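Breakdown of the fold
Here are the chains, one letter per residue:
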Amino acid sequence: MAKVLFINPVVREEDVPRHIPYGMAILANYARQDDHLVQVFDANAWRVGFDALEEVLLADSWDVICIGGLTTTYGYIKEACRLSKALSPDSLLLVGGGFFTSMPREIMSWIPEIDLGIIGESYVTFPIVLSMINDGNHNFENTLGVVFRDNSKKVVVNPERPNISDLDTILWPAWDLFPLEEVYFKNSSSLFSEEAYYAKKRIDVNASYGCSLICKFCWHLGTTGDMVVRDNEAGDKDVQFTYGRNIRYHSPDYIISMVKHLKEEFGVDQVNFLDENLMTMDAYSKRSWLEEICTKWIEEGLQPECRALGVGYHEVENTGVFWSGTSHATLHRKDILELMFKAGCTHLVYGLESFDRDILKNLGKGSTPKKNEEAVKVCLDSGIIPIPNIMIGFPEESFSTIRTTIESLIRMGIHAKPHFATAYPGSEWYYRYKGAIMDQYEGDLEKYVLDLGDATKITATISHNFSPVELLGLQQIVASRDLRLLDQSEKAWTSEPCPLLYQSDIDEGRSGFVPKNIKTPISQTA
């Protein structure tokens, strides 16, 4: 049996730790099921420095050190990999997840300490890799879904492994390996709804993988089913973006059984579905999937008492499980939303993004301003609170499109601080604007990846009409819904170009390079 150490990197340092790493927790359970000795160093939960990681690395002779996460965790991952190989040189350093799948060749180049990487879905590949390592076999030439260096140190990207068709065969996460009571449950409360605010033990679950939409800002590799390995321009095998979509979901019985276990074992009172889009699955299943989940949620005693009795949250003691997730403006339906509310749904995140018709059309969301507004009203009428996500800084963004969005927010009574349109690796925008991104970071793509966050701060801009500092100002204007300030800004900014600013001028103490060619339109060539 192998000694396996999982390292969960720090994510969203500006916020408290709220989410266990769902995929990593599942992989830990696979390793434990095969009788490997498993430990987890959850840096995100404990928020300790690298000195603590050094102690863990020296605490045992690890056969395999596993680390992975989102692209936004790249900075931590890079340093963790360096320390791992320096302090535990005989361990096989294995990486995976979104940060690696989106750009495996670049990551292998930037982090030379990596021995092996897994691209795409790992639930089949990971146990195979562990078994090979345990048997002393490090020849991965014929292993699907891995990236390694051959004897000449050349990076080899093997063909992708087909995704699992029957999701119900996937193990549950190893929740007990993570500090639920000590950390994650303490951060259960959120301001999205009354029920969510009073949550004491919230946890995430994942009921489906994939999405039918083609939003240009969205990461569409690996678990969503459209990842393929093809020859790149240099003739080397590499991960390629496509418009393929693979819609998969767990059966309602699998989901209900998992939630019942969470309630009985850990006392969970709120569940958040991590799914990209619950309504996509509902539509794909011909409107049967969510209905069955809600019906069985009620039948199996998970329905909160206030929803069963039709009374307010504080009018009765609630021992059931509330839940939340994501929706889409064009896929909402009155009857299913009402059933979801009855079963215990508290709020749904809606990616409205904009209220400008042309932006929505070009974005690929398949929505319109009218549909966006209707979705909010229908959701509110059902009793479920819609949480709107707004973005600015689209390629075609203008004062006119910003004004349209503000007017819609005022009309609907929505207050929202918008995110910035960001070209994350793995998205269509990334491949389209890669050349422009590198121009803004002095030709150093790694600087851009190190600078990426949760899209609340400026990195590389893809807007043809606004500079980084102008977008920061527009973010505040949209958040305040101040049309007079927008008008004043339009007059001032169109008459006098914005001065050149560096990152230190915009956000003191935050590293990163801001493009100097403030008023130069960004090319759409990759």
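Let us look at the overall build of the protein. Each helix and strand counted, the protein has 22 helices and 17 strands in total. A compact globule built from 526 residues would reach a C-alpha radius of gyration of about 24 Å, and the protein, at 24 Å, matches this within 12%. The principal-axis extent of the C-alpha atoms belonging to the protein is close to 65 × 60 × 40 Å. Across the protein, contacts joining residues at least 24 apart in sequence account for 73% of those joining residues at least 6 apart. For the protein, the distance from the average position of its 50 positive side-chain charges to the average position of its 74 negative side-chain charges is 5 Å.

In the structure shown here, the tally under the stated rule is 25 salt bridges. A salt bridge links Glu446 to Lys78; its shortest N-O distance comes to 2.9 Å. With Glu446 in helix α19 (residues 445-451) and Lys78 in helix α4 (residues 74-87), this pair connects stretches of sequence that are 368 residues apart. Overall, Lys78 belongs to the partly exposed group, its relative accessible area being 27%. Here Glu338 and Lys334 are joined by a salt bridge, their closest N and O atoms 2.6 Å apart. With Glu338 and Lys334 both in helix α14 (residues 334-343) and four residues apart, this pair spans about one turn of that helix. Under the relative-accessibility criterion, Glu338 is labelled partly exposed at 35%. One network of salt bridges, with partners in common, ties together Asp253, Glu292 and Lys296.

Moving on: the confidence of the model for the protein. Per-residue confidence for the protein gives a mean pLDDT of 89, with 93% of residues at or over 70. Ranking the elements of the protein by mean pLDDT puts helix α22 (residues 503-506) last, at 37, and helix α10 (residues 252-266) first, at 98. Taken together, the stretch residues 498-526 has pLDDT below 50 and engages in 62 contacts with residues farther than four places along the chain or on a different chain.

All right, on to the environment of Glu160 then. Note on placement: Glu160 falls in the loop between β7 (155-157) and α8 (180-184). When the C-alpha atoms of Glu160 and Val229 are compared, they prove to be 6.1 Å apart, with 69 residues separating the residues in sequence. The residues touching Glu160, leaving out its near neighbours within four places in the chain, are Leu144, Gly145, Met227, Val228 and Val229. Within the structure, Glu160 has its side chain in polar contact with the backbone nitrogen of Val229 (distance 3.0 Å).

Looking now at the nonpolar core. Counting residues in each nonpolar core, the largest one holds 98 residues, and the members touching the most others are Phe6, Trp297, Trp323, Met340 and Leu348. Counting residues per element, this core draws most heavily on helix α1 (residues 22-33), which supplies eight residues. Residue contacts for Phe6: discarding those within four places in its chain leaves Met24, Leu27, Ala28, Val38, Gln39, Val40, Phe41, Cys66 and Phe126. Grouped together as the second largest cluster of nonpolar side chains are 57 residues, Phe41, Tyr74, Phe100 and Ala455 included.

Another point: the sheet that holds strand β13 (residues 270-273). Read from one edge to the other, the open sheet built from six strands follows the order β8-β13-β14-β15-β16-β17, with strand pairing classed as parallel. The open sheet terminates on both sides in strands that have one partner only, identified here as β8 (202-205) and β17 (419-420). With two bridges connecting them, strand β16 (residues 385-392) and β17 associate as parallel partners. Across the sheet, residue Met391 finds its bridge partner in β17, namely His419.

As a further point, take empty space enclosed by the protein. For the structure on display, the rule yields two cavities of 30 Å³ or more. Taken as a whole, the largest cavity encloses approximately 50 Å³ of empty space. Surrounding the largest cavity, Ile392, Gly393, Phe420, Ala421, Thr422, Ile458, Thr459, Ala460, Thr461, Ile462 and Leu471 form its lining. Of the residues contributing to the lining of the largest cavity, the split by class is seven nonpolar, four polar and no charged. Considered as a void within the structure, the second largest cavity measures approximately 30 Å³ in volume. In terms of residue count, β8 provides more of the lining of the second largest cavity than any other element does, three residues in total.

Parameters at a glance
- Note that residues are indexed from 1 along each chain, following the sequence as it is written.
- Per-residue local features of the predicted model are confined to residues with pLDDT of at least 70, and side-chain atom pairs are confined, for both listing and counting, to 80 or more; whole-chain, interface and lining totals are unaffected and use all residues.
- Heavy atoms throughout the structure, all of them, feed into the side-chain values; hydrogens and water do not.
- Here a strand is any run of E in DSSP of at least two residues, a helix any run of H or I of at least four, and the numbering for each starts at the N terminus.
- Computation of the radius of gyration draws on C-alpha atoms alone. For the globule rule, the value is 2.2 Å times the number of residues to the power 0.38.
- Contacts are assigned to residue pairs with any non-hydrogen atoms lying within 4.5 Å of each other.
- A residue counts as positive if it is Lys or Arg and as negative if it is Asp or Glu; His and the chain ends are not included.
- Every charge is mapped to an atom, namely NZ of Lys, CZ of Arg, CG of Asp or CD of Glu.
- Salt bridges are defined as contacts in which a side-chain nitrogen from Lys or Arg sits within 4 Å of a carboxyl oxygen from Asp or Glu.
- Each residue is assigned to one of three classes by its accessible area relative to the maximum for its type, calculated with a 1.4 Å probe on protein chains only: buried under 20%, partly exposed between the two thresholds, exposed over 50%.
- Per-residue confidence from the predictor is given as pLDDT, running between 0 and 100.
- Counted as a polar contact is a pair of N or O atoms within 3.5 Å, where, for protein atoms, one must be capable of donating a hydrogen and the other of accepting one, and residues adjacent in sequence contribute only when both atoms are in side chains.
- For our purposes a nonpolar core is just a set of buried Ala, Val, Leu, Ile, Met, Phe, Trp, Tyr and Cys residues, chained together by side-chain atoms within 4.5 Å.
- Strand pairing follows a simple DSSP-based rule, namely that at least 2 bridges must link the two strands.
- Cavities and pockets were defined on a 1 Å grid built over protein atoms only: a cavity is a set of grid points that admits a 1.4 Å probe from which the probe cannot escape, a pocket is an open set flanked by protein on both sides within 12 Å along at least five of seven lines, and lining residues are those with an atom within 4 Å of any such point.
- Grid points are joined across faces, edges and corners, and a volume is the space filled by probe spheres set on the points.
- In this classification, Asp, Glu, Lys and Arg are treated as charged, Ala, Val, Leu, Ile, Met, Phe, Trp, Tyr, Cys and Pro as nonpolar, and every other residue, Gly included, as polar.

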